[in-house]
Amino acid sequence: MAVPFTDSSKFNIMISYSHQDSELMIRIRDLLTANGFDVWVDTKLKGGSNFFKNIGSAVIGCDIFLFILTEHSVASKFCQDEVSLARISNKKILPVTYCAVTDVIPEMDAGLRLILSCVQWICLDPKLDDEENDRQIFMSLNETLQTDLSDDSRLANYHIEFSEEESTASVKSHSRVLRRVKSIHLAGFWARNFGEGVTKADLKDVLAAIKQDYSFDFMRLKFDDTWASKALTFWCFDLERSATFITRAQYDKFIFPEGRAEGQREEPDTFWVRCKDGFSVRLSMQEVFNAQSSVRYDSIQNLSKIKNKRVITALCKLLRDNDPNIRAVACISLSYTGNSNPSTIDKVEKLLKDDDRLVRESACVALGKFQCAESVPALLNAWRNDMISDVRAAALRALQIIDTPEAAEGMKVVKTLQEEINKLGVVEQDSSSS
């Protein structure tokens, strides 16, 4: 077969698959390696520390993340973790399936639906010979390698939804393809619900408007609309948990992150598109960094290589997550990014007063890794006053790492007082003995 591809050796491909689909994986792997691609694929049973370490590195280091999409892989926790890591690593994702679209879409959870809704699928036809299907794979590889991964390009793709009901039997170049539909509104979300000149809206009214406008979209994504509208709003607008309203300035910052040019108009679906894009990051982050994730450890270790501002922003937002385990892991993860700007430090410092002791301990560790001299007063306060000894120990270690004159003086005073208290205890003990 004449392969329409050049310089394949310059690109490496990671294949994610369920071991129940090994036969298809082997065929695709052999096809790619025979044509010069550097292919990484796990061929052993998934599990063990070496696997967890290697799989995360493979995802982060690949040029293309090729996902063999079947009913088995969409149900696999390992595969879900790998796709989520590919998303936050800003990798070029290429799903390949022999299944009918109507068979695989209903099996996807909301996170996979969001991630895969903005990428082109290779839908191979089992009725065609291998050569035609192979040609389709290489054509799609060419297109994927030329894909623009900028925010504007990705958001443009998000305007197009895949519809479970309309995904049947469209034929193009002898291959089934995923049909897509476009939702249309007459005006921007804020203007059509609150009016162009309104400068502030009650949070409950914003939540009601989101439910009203996007209830059908929530249903297709298998979201509970009450939970989804609230989760989207707090995540996308980066609200405190006590927030009761949203300002137009907050809204515009979300819609126009680079600033709104004079006369610039909001496109009808920009709000929903940005919500989905932002929320897919949130779901991916939670998948990658939760306690059961198969790629969490290696992801944290390699965060400095991901170099994605969206990841740092998402980690900062996860510091407000309702789950204390997520807050703690996000805090530690931020320290690996090297992003010690004042805004990030301020968010981490606030966790020193968190209700959960593990979160407070993680904040101490993170501030120590940041070596932030400005955090010394907050760490001294934690060392002196926290009720939990492990938190005090973490604060002390952070102060020792930062090692500023202020930290040394603060520790000296406390140590002197502790020595005097210990002496007093000895005196009291001697007196009682006599």
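Residues numbered from 1 in each chain as written. Predicted model: local features only at pLDDT ≥ 70, side-chain atom pairs only at ≥ 80, totals over all residues. Heavy atoms only, no water.

*Asks:* So what's going on with the overall build of the chain? Which residues, and what values?
*Replies:* Helix and strand counts for the chain come out as 22 helices and eleven strands. In the chain, which comprises 434 residues, the proportion classed as buried is 50%. Across the chain, the fraction of contacts at a sequence separation of at least 24, relative to all contacts at a separation of at least 6, is 72%. Of the accessible surface of the chain, which amounts to about 21100 Å², a share of 50% is contributed by carbon and sulfur atoms. (Helix = DSSP H or I, 4+ residues; strand = E, 2+ residues; numbered from the N terminus. Buried < 20%, exposed > 50% of the residue type's maximum accessible area, 1.4 Å probe, protein only. Contact = heavy atoms within 4.5 Å. Areas by Shrake-Rupley, 256 points an atom, 1.4 Å probe, with all protein chains shown as cover.)

*Asks:* So what's going on with the nonpolar core? Which residues, and what values?
*Replies:* L116, W121 and F271 are the most contacted members of the largest nonpolar core, which totals 103 residues. Among the elements that line this core, the one with the most residues is helix α13 (residues 270–289), at nine residues. I13, I28, L31 and V96 belong to the second largest nonpolar core, which has 21 residues in total. (Core = buried A, V, L, I, M, F, W, Y, C linked by side-chain atoms within 4.5 Å.)

*Asks:* Can you lay out the pairing of strand β2 (residues 38–41) for me, pointing to particular residues and giving the numbers?
*Replies:* The side chains of a regular strand alternate, residue by residue, between the two faces of the sheet. Alternating residues of β2 divide into V39 and V41, all buried, and D38 and W40, none buried. Two elements, strand β1 (residues 12–16) and β2, share four bridges in a ladder whose sense is parallel. The residue of β2 that forms the bridge with M14 is W40. Regarding topology, helix α1 (residues 22–34) serves as the crossover connection from β1 to the parallel β2, and that connection is right-handed. (Pairing = 2+ DSSP bridges. Right-handed = clockwise from strand over helix to strand, strands pointing away.)

*Asks:* How would you summarise the pattern of salt bridges if you had to cite specific residues and measurements?
*Replies:* All told, the structure shown has 14 salt bridges when counted by the stated rule. Salt-bridge contacts for K350 lead to D346; the nearest nitrogen and oxygen are separated by 3.7 Å. In this pair, K350 and D346 are both assigned in helix α18 (residues 342–350), four residues apart and thus about one turn of the helix distant. (Salt bridge = Lys/Arg side-chain N within 4 Å of Asp/Glu carboxyl O.)

*Asks:* Describe the packing of α18 against helix α19 (residues 357–370), listing the residues and the values that go with them.
*Replies:* Two elements in contact, α18 and α19, have axes separated by 9 Å at closest approach and are oriented at 150°. Of the possible angle classes, the one that applies to α18 and α19 is roughly antiparallel. Two packed elements cross with a definite hand, and for α18 against α19 that hand is left-handed. Note on element contacts: α19 touches α18 through A363, A366, L367 and F370, opposite T344, I345, V348 and E349. When grouped by side-chain class, the residues that make up the contact of α18 with α19 number six nonpolar, one polar and one charged. (Axes fitted to C-alpha atoms, helices over the stretch in contact; angles between N-to-C directions. Parallel < 35°, antiparallel > 145°, perpendicular 65-115°, else oblique. Left-handed = near helix turned anticlockwise from the far one by under 90°. Nonpolar A, V, L, I, M, F, W, Y, C, P; charged D, E, K, R; others polar.)

*Asks:* Which residues make up the pairing of β1, and what values do they have?
*Replies:* In terms of burial, β1 is a largely internal element, four of the five residues being buried. By the bridge criterion, four bridges tie β1 to strand β3 (residues 64–68) in an arrangement that is parallel. Bridged to I13 within β3 is I64.

*Asks:* An account of the packing of aromatic side chains is needed here, citing residue identities and associated values.
*Replies:* The final tally for this structure, using the stated rule, is 16 aromatic pairs. With 5.1 Å between their ring centres and 55° between their planes, F237 and F254 make a pair best called tilted. Here F237, found in the loop between α11 (225–236) and β11 (245–247), pairs with F254, found in helix α12 (residues 248–255); they are 17 residues apart in sequence, far enough to count as distant. Residues F237 and F254 agree in their burial class; the two are buried. Within the aromatic cluster, the residues linked to one another by ring pairs are F189, W190, F194, Y214, F218, F237, Y251, F254, F271 and W272. The side chain of K200 reaches across the aromatic face of F245, ending 4.5 Å from its centre. Here the basic side chain of K369 rests over the ring of Y336, its NZ or CZ set 4.4 Å away from the ring centre. (Phe/Tyr/Trp six-rings, centres within 6.5 Å; stacked < 30°, edge-to-face > 60°. Lys NZ or Arg CZ within 6 Å of the ring centre and 35° of its normal.)

*Asks:* With reference to specific residues and values, describe the side chain of T337.
*Replies:* By the secondary structure assignment, T337 is in helix α17 (residues 324–337). A relative accessible area of 19% places T337 in the buried class.

*Asks:* Kindly report on the side chain of S16, identifying the contributing residues and their values.
*Replies:* Assignment of secondary structure puts S16 in strand β1. A relative accessible area of 0% means that S16 is categorised as buried. For S16, the contacting residues outside a window of four places in its chain are F65, L66, F67, I68, C79 and E82.

*Asks:* For unusual backbone geometry, give the residues involved together with the corresponding values.
*Replies:* Its identity is not glycine, yet Q371 carries a phi of approximately 50°, on the positive side. In this structure, Q371 sits in the loop between α19 and α20 (376–385).

*Asks:* Could you give an account of helix α4 (residues 77–88), naming the residues involved and the relevant values?
*Replies:* Here α4 is twelve residues long and its end C-alpha atoms lie 17 Å apart, about the 16 Å a rise of 1.5 Å per residue gives. Burial analysis of α4 places ten of its twelve residues in the buried class, which makes it a mostly covered element. Looking at α4, one finds that the buried residues are C79, Q80, D81, E82, V83, S84, L85, A86, R87 and I88. The backbone nitrogen of F78 has a side-chain oxygen 3.3 Å away, supplied by the residue at the start of α4, namely S76. (Expected span 1.5 Å × (residues − 1). Polar contact = N/O pair within 3.5 Å; in protein donor to acceptor, adjacent residues only side chain to side chain.)

*Asks:* An account of the environment of D269 is needed here, citing residue identities and associated values.
*Replies:* Mapped onto the fold, D269 is located in the loop between α12 and α13. Owing to a relative accessible area of 5%, D269 belongs among the buried residues under this scheme. Spatially, the C-alpha atom of D269 lies 8.1 Å from that of A187, the residues being 82 residues apart in sequence.

*Asks:* Before we move on, could you go through α19 and cite the residues and values that matter?
*Replies:* For α19, spanning 14 residues, the distance from its first C-alpha to its last is 20 Å, which sits close to the expected 20 Å at 1.5 Å a residue. When we look at burial in α19, the residues that qualify are V359, R360, S362, A363, C364, A366, L367, G368 and F370. In the core, the buried residues of α19 are packed alongside α17, α18, α20 and α21 (389–402). With its phi angle positive at about 50°, Q371 sits one or two positions after the end of α19.

*Asks:* How would you sum up the packing of helix α16 (residues 309–318) against α17? Please name residues and give values.
*Replies:* Running from N to C, α16 and α17 cross one another at 145°; their axes reach a closest spacing of 8 Å. Once α16 is placed against α17, the crossing between them reads as left-handed. Residue-level inspection shows I312, L315, C316 and L318 of α16 in contact with α17, the latter providing I326, R327, A330, S333, L334 and T337. Within the contact of α16 with α17, the residues separate by chemical class into seven nonpolar, two polar and one charged.

Limitation: the analysis is restricted to geometry and does not speak to function.
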